[in-house]
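Report on the structure
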Protein chains: 4
Amino acid sequence: MASGPTRPRLRARYERRRDGVARAAAAVFAQRGYDQTSVQELTQAMGLAAGGLYHYFESKEQLLIHICDQLVEPLLVRANELLARVEQPEQQLRELVHLWVAHVVEHRDHMLVFDQERHVVERGINWRRVRSSRKQFERLLEQTLARVEQTRAEPGWDRRVALSALLGMVNYTAQWYRARGRLAPEQIADGYVELIIGQPG
Amino acid sequence: MASGPTRPRLRARYERRRDGVARAAAAVFAQRGYDQTSVQELTQAMGLAAGGLYHYFESKEQLLIHICDQLVEPLLVRANELLARVEQPEQQLRELVHLWVAHVVEHRDHMLVFDQERHVVERGINWRRVRSSRKQFERLLEQTLARVEQTRAEPGWDRRVALSALLGMVNYTAQWYRARGRLAPEQIADGYVELIIGQPG
Amino acid sequence: MASGPTRPRLRARYERRRDGVARAAAAVFAQRGYDQTSVQELTQAMGLAAGGLYHYFESKEQLLIHICDQLVEPLLVRANELLARVEQPEQQLRELVHLWVAHVVEHRDHMLVFDQERHVVERGINWRRVRSSRKQFERLLEQTLARVEQTRAEPGWDRRVALSALLGMVNYTAQWYRARGRLAPEQIADGYVELIIGQPG
Amino acid sequence: MASGPTRPRLRARYERRRDGVARAAAAVFAQRGYDQTSVQELTQAMGLAAGGLYHYFESKEQLLIHICDQLVEPLLVRANELLARVEQPEQQLRELVHLWVAHVVEHRDHMLVFDQERHVVERGINWRRVRSSRKQFERLLEQTLARVEQTRAEPGWDRRVALSALLGMVNYTAQWYRARGRLAPEQIADGYVELIIGQPG
DNA sequence: TATGAATGAGCCTTCATTCAT
DNA sequence: CATGAATGAAGGCTCATTCAT
């Protein structure tokens with residue numbers, strides 16, 4: 001079974017371990033690919049025996065879903081908070097991109113896994129939740145771009161193109177960002193924002 | 001064996017069939033994922049029996065490599081031609097992006113497969129050729145951006161960021177472009193160029 | 001796949017092999033039990049490699065179903081023929097029991113497997129066909145007993161009890177009959193008939 | 001360990017619980033099959049956690065053996081008592097069948113399990129005790145039939161056939177008897193006796 | 001006594017690949 | 001060239017059993 005204990009104390013320990021398992025799995029999946037990683041390799045990398053995974057997840061796929069959920073959900077939550085807090089459209093966009101880049105960089109492994117498994121995410125029967133969260137985030141982004149447009153005489157972009165460009169560039173960050181590299185996440189985010197809304201005043 | 005006939009006439013027919021097989025495979029892989037597609041499903045989708053694939057490719061992985069090669073190599077060749085033909089840096093960039101977007105859109109399936117299998121491309125032992133081609137294309141792109149910078153007083157971007165943004169947005173196009181959609185490839189390419197080098201004219 | 005070829009020549013060979021596989025499996029199942037027999041052991045006993053079973057049956061359970069079908073269906077068919085051919089009720093019963101005992105003895109292995117897996121047969125979702133055939137055979141038997149009753153002043157039995165007793169004793173034959181034993185199937189059948197309808201005139 | 005406490009008071013409680021566990025298990029096994037029932041399902045159905053079973057039985061197989069022992073042993077004991085008490089052969093047979101049918105009906109679940117696992121009972125290394133008890137019971141039965149024969153001018157049956165028929169019909173009762181049905185165990189037993197020894201005086 | 005996390009052997013099944021036809 | 005039966009290694013997953021708590 002993969003639902004775990006109900007008594008609070010044990011429950012907490014269980015959930016901590018469960019998240020640890022998911023994080024470790026994300027790292028392995030990111031490196032070797034979901035399908036190419038056997039459950040044996042996986043559990044070995046987490047210090048568990050073969051069958052031990054199934055105390056925490058009911059299947060290898062549910063583990064994958066959990067990883068992607070951990071990526072998309074919190075970003076959506078924090079994006080909503082941000083938009084409620086900030087008023088000025090350009091400032092919203094700027095902070096949104098900063099938040100997003102930071103998230104992508106911090107959850108690099110999750111992001112790489114998510115990208116890789118696009119075809120399952122899009123078509124899989126158990127993936128509705130993940131699909132919905134991603135969709136909602138994209139909608140927030142598009143609405144923000146729309147508000148930015150309204151502050152200008154002429155937009156200077158096609159909104160669909162700008163939105164997709166932003167999605168492409170930010171998500172791709174996970175593939176080239178290096179923690180010890182020259183560029184900090186904030187600089188990268190600033191660079192992206194400037195491409196979209198032009199030079200900062 | 002998968003090297004095929006040597007007499008010119010038969011050779012041509014063989015290669016045509018081989019490319020057809022690869023194209024059909026790309027479509028299936030793009031939809032279902034490489035690992036999740038069995039050779040049985042694959043060959044069935046191409047009107048062949050299970051063993052038939054092995055007349056054209058010596059393994060499932062070689063087929064995958066061929067698909068990625070078909071994507072990257074021709075783009076590199078045509079990019080080189082373009083840069084030899086056009087002189088003005090901004091014009092080079094503009095035409096490069098147009099060429100590239102057109103290529104991505106035309107080889108959507110190949111592109112989706114290529115993206116999906118990033119971890120194999122990066123680490124696989126038989127993938128040196130593909131890695132090298134991709135690397136060369138990125139270098140062309142970076143050099144072009146460098147030349148554009150030199151025509152300006154101040155670049156207005158960090159070159160690494162601009163390069164990665166471009167890679168991210170153009171490649172991502174494969175994931176959202178629809179042939180019957182509102183935007184033609186040329187419009188999309190124009191949009192991208194404007195984001196990078198600022199408003200035209 | 002487990003549907004096999006369609007061309008007549010190959011089809012015939014396929015079906016012959018398929019039946020051979022089922023027969024061999026019945027023998028092993030009868031001896032060791034269905035659940036206790038691994039597919040490895042099974043295929044080894046049939047001169048196939050592990051995966052080879054799946055050319056003929058889509059799962060271990062479908063193999064089991066086939067075995068039980070091979071037992072019940074033909075008996076039902078031949079019982080119907082017999083009842084159409086013979087007129088006198090007591091003679092019908094006598095010949096029915098003879099046919100049945102012969103069938104049980106000839107398909108000893110199938111019978112032992114069938115008995116053993118009663119709980120699956122009764123509740124399994126894929127077992128409707130088998131359940132229905134068995135039900136029909138029992139109905140034929142009951143109707144025959146009813147006709148025998150009508151030839152008598154008083155039945156001398158409760159029909160439900162007689163029917164169940166008959167089912168119990170004949171099916172149990174599979175568990176003790178020995179081909180080289182003292183009793184021939186015909187003698188056994190005669191013994192059963194006498195118990196049911198009393199001493200032969 | 002599964003031997004339990006030694007102090008009389010605790011011992012009694014332990015054994016009561018142990019028998020309760022076995023009875024509950026018999027019900028589940030009868031329904032789903034021994035092999036198809038996991039220890040998890042089993043213990044859950046008894047309000048225990050997974051490991052709890054092992055306080056009462058040292059293995060799943062020992063539990064199964066206990067169930068079968070609970071079925072066969074008491075019947076043997078009571079059959080012996082009966083034969084010591086009753087003198088007239090036909091009366092012995094009649095009462096034996098009554099006792100036996102009542103036992104089968106009362107321990108329906110145990111009986112179904114026992115039947116199902118025939119191949120283990122016959123060949124299993126830990127099953128000697130059960131095999132021996134069953135063998136002894138069959139011998140009692142056969143001897144009783146022999147004594148009945150001696151009271152008659154001509155037996156009217158082959159003894160082996162009569163014995164097997166009796167075994168088949170009585171044991172099969174577990175499969176069709178319904179507590180709320182039309183027939184009481186005594187009526188069923190009478191029916192069987194009549195089939196064997198002919199109409200009652 | 002009881003728990004339930006953990007183990008690890010073994011299960012059924014899939015699948016890339018081979019080869020006789 | 002093409003077929004498809006056959007292989008056998010490897011996969012994900014289950015489950016009887018153990019043991020620290």
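Rules used in this analysis
Along each chain, numbering runs from 1 in the same order as the chain's sequence is written. Numbering of ligands from 1 and lettering of chains from A proceed in the order in which they are written. The predicted origin of the model limits local features to residues at a pLDDT of at least 70 and limits the giving and counting of side-chain atom pairs to 80 or more, whereas totals for whole chains, interfaces and linings rest on all residues. Hydrogens and waters are ignored; side-chain quantities use all the structure's heavy atoms. For this purpose, a residue is taken to be near a molecule or strand whenever a single non-hydrogen atom of the residue falls within 4 Å of it. By the criterion applied in these results, polar contacts are pairs of N or O atoms within 3.5 Å in which, for protein atoms, one can donate a hydrogen and the other can accept it, and in which residues neighboring in sequence qualify only through two side-chain atoms. Under the scheme applied, nonpolar residues are Ala, Val, Leu, Ile, Met, Phe, Trp, Tyr, Cys and Pro; charged residues are Asp, Glu, Lys and Arg; polar residues are all the others, including Gly. In this analysis, axes come from line fits to C-alpha atoms, helices being fitted only over the stretch in contact, and the angle between any two N-to-C directions falls in the range 0 to 180 degrees. Helix numbering and strand numbering both begin at the N terminus, where a helix is a DSSP run of H or I of at least 4 residues and a strand a DSSP run of E of at least 2. An angle counts as roughly parallel when it lies under 35 degrees, as roughly antiparallel when it exceeds 145, as roughly perpendicular when it falls between 65 and 115, and as oblique in every other case. Note on contacts: a residue pair is in contact if any heavy atoms of the two residues lie within 4.5 Å. Summed over both partners, buried area is the accessible surface (1.4 Å probe) that two parts give up on being assembled. The term salt bridge refers to a side-chain nitrogen of Lys or Arg lying within 4 Å of a carboxyl oxygen of Asp or Glu. Superposition of the copies was done by least squares, using only C-alpha atoms of residues whose pLDDT is at least 70 in both. An automatic or database domain assignment provides the domain bounds reported here. The span one expects for a helix is its residue count, reduced by one, times 1.5 Å. Buried means the residue's accessible area, taken with a 1.4 Å probe over protein chains only, is under 20% of the maximum for its type, while exposed means over 50%, and partly exposed covers the values in between. Aromatic contacts are taken between Phe, Tyr and Trp rings whose centres are within 6.5 Å, Trp giving its six-membered ring; a plane angle under 30 degrees counts as stacked, one over 60 as edge-to-face, and the others as tilted. For a lysine, the NZ atom is tested; for an arginine, the CZ atom; a charge sits over a ring if that atom is within 6 Å of the ring centre and within 35 degrees of the ring normal.

**So, the protein's contact with DNA strand F**
- Lining the immediate surroundings of DNA strand F are 31 residues, of which Tyr-54 and Lys-60 of chain A, His-55 and Tyr-56 of chain C together with Val-39 of chain D lie closest.
- Within the backbone of Gly-51 of chain B, a nitrogen or oxygen atom sits 3.5 Å from a base nitrogen of DNA strand F.
- For the surface near DNA strand F, the residue count by class is 11 nonpolar, 15 polar and 5 charged.

**A short note on the packing of helix H1 (residues 8-32) of chain B against helix H3 (residues 60-85) of chain B**
Residue and element names in this part refer to chain B.
- One way to put it is that H1 packs onto H3 with a least axis distance of 10 Å and a crossing angle of 95 degrees. On the basis of the axis angle, H1 is roughly perpendicular to H3. Two secondary-structure elements touch here, H1 through Arg-18, Asp-19, Ala-22, Ala-25, Ala-26 and Phe-29 and H3 through Lys-60, Leu-63, His-66, Ile-67 and Gln-70.
- Residues belonging to the contact of H1 with H3 are distributed by class as follows: 6 nonpolar, 2 polar and 3 charged.

**Examining the interface of chain B and chain A**
- Contacts between the two partners involve 34 residues from chain B and, on the opposite side, 34 residues from chain A.
- Both faces combined, the contact of chain B with chain A buries some 3000 Å², and carbon together with sulfur accounts for 57% of it.
- Among the residues of chain B in contact with chain A, Arg-118, Val-161 and Leu-195 of chain B are the three that bury the most area, contributing 20% of the side total.
- Put simply, chain B and chain A have 2 salt bridges between them.
- Its salt-bridge partner being Arg-182 of chain A, residue Asp-158 of chain B comes within 2.9 Å of it at the nearest N-O pair.
- Between chain B and chain A we count 8 residue pairs in polar contact (both at pLDDT 80 or more) in total.
- Looking at the side of chain B that touches chain A, the elements with two or more residues in it are H1, helix H5 (108-116), helix H6 (118-123), helix H8 (159-176) and helix H9 (185-197) of chain B.
- Among the elements that take part in the side of chain B that touches chain A, H8 of chain B stands out by supplying 10 residues, more than any other.
- Residues of the side of chain B that touches chain A, tallied by class, amount to 14 nonpolar, 11 polar and 9 charged.

**Observations regarding the protein's contact with DNA strand E**
- In the vicinity of DNA strand E there are 31 residues, among which His-55 and Tyr-56 of chain A, Val-39 of chain B together with Tyr-54 and Lys-60 of chain C approach most closely.
- Within 4 Å of the protein, the atoms of DNA strand E are drawn from sugar and phosphate moieties in a proportion of 69%.
- Between Arg-17 of chain A and DNA strand E, the recorded distance is 3.4 Å, taken from a side-chain N or O atom to a phosphate oxygen.
- Here a phosphate oxygen of DNA strand E sits 2.9 Å away from a polar atom, N or O, in the main chain of Lys-60 of chain B.

**Considerations on the relation of the copies chain B and chain A**
- The two copies are related by a screw motion: chain B maps onto chain A through a turn of 180 degrees and a shift of 0.0 Å along the axis, at an RMSD of 0.2 Å. Look at the turn and shift together and you get a two-fold axis relating the two.
- When the interface residues of chain B are mapped onto chain A, 100% of them again lie at the interface, so the same face is used by both copies.

**Structural notes on the domain arrangement of chain A**
Residues and elements named next belong to chain A.
- According to the domain assignment, chain A contains domain 1 (1-58) and domain 2 (61-197).
- For domain 1 and domain 2, the distance between their C-alpha centroids amounts to 27 Å.
- With 16 residues of domain 1 at the interface, the matching set in domain 2 holds 13 residues.
- Both faces combined, the contact of domain 1 with domain 2 buries some 1200 Å², and carbon together with sulfur accounts for 68% of it.
- For domain 1, the biggest contributors to the area lost against domain 2 are Ala-30, Tyr-34 and Phe-57; these three give 40% of the whole.

**With respect to the relation of the copies chain C and chain D**
- Structural alignment of chain C on chain D gives an RMSD of 0.2 Å, achieved by rotating through 180 degrees and translating 0.1 Å along the axis.
- A shared binding surface is used by both copies, with 100% of the interface residues of chain C retained as interface residues in chain D.

**Some thoughts on the interface of chain C and chain D**
- In this assembly, 34 residues from chain C lie in contact with 34 residues from chain D.
- Per-residue buried area on chain C facing chain D is highest for Arg-118, Val-161 and Leu-195 of chain C; these three make up 20% of the total on that side.
- Joining chain C to chain D, the criterion identifies 2 salt bridges.
- Where chain C meets chain D, there are 8 residue pairs in polar contact (both at pLDDT 80 or more).
- Ranked by residue count, the leading element in the side of chain C that touches chain D is helix H8 (residues 159-176) of chain C, at 10 residues.
- Among the residues forming the side of chain C that touches chain D, the class breakdown is 14 nonpolar, 11 polar and 9 charged.

**Examining the side chain of Arg-118 of chain A**
- Along the chain, Arg-118 of chain A falls in helix H6 (residues 118-123).
- Apart from residues lying up to four places away in sequence, Arg-118 of chain A is in contact with Arg-123 of chain A together with Ala-30, Leu-112, Gln-116 and Gln-175 of chain B.

**Let's talk about H8 of chain C**
All names here are of chain C.
- With 18 residues, H8 should reach 26 Å at 1.5 Å per residue; the first-to-last C-alpha distance of 26 Å fits that figure.
- Counting buried positions along H8 yields 15 of 18 residues, so the element is predominantly enclosed.
- Where H8 begins, the side chain of Asp-158 points an oxygen toward the backbone nitrogen of Arg-160, at a separation of 3.0 Å.

**Describing the packing of aromatic side chains**
Residues and elements named next belong to chain B.
- With the rule as written, the count across this model stands at 12 aromatic pairs over all chains.
- Pairing Trp-100 with Phe-137 gives two aromatic rings, centres 5.1 Å apart and planes at 70 degrees, and the pair type is edge-to-face. Here the residue Trp-100 occupies a position in helix H4 (residues 89-106), and Phe-137 occupies one in helix H7 (residues 128-150), the gap between them amounting to 37 residues. Take Trp-100 and Phe-137: they sit in the same class, and that class is buried.
- Over the aromatic face of Tyr-34 sits the side chain of Lys-60, whose NZ or CZ is 4.5 Å from the ring centroid.

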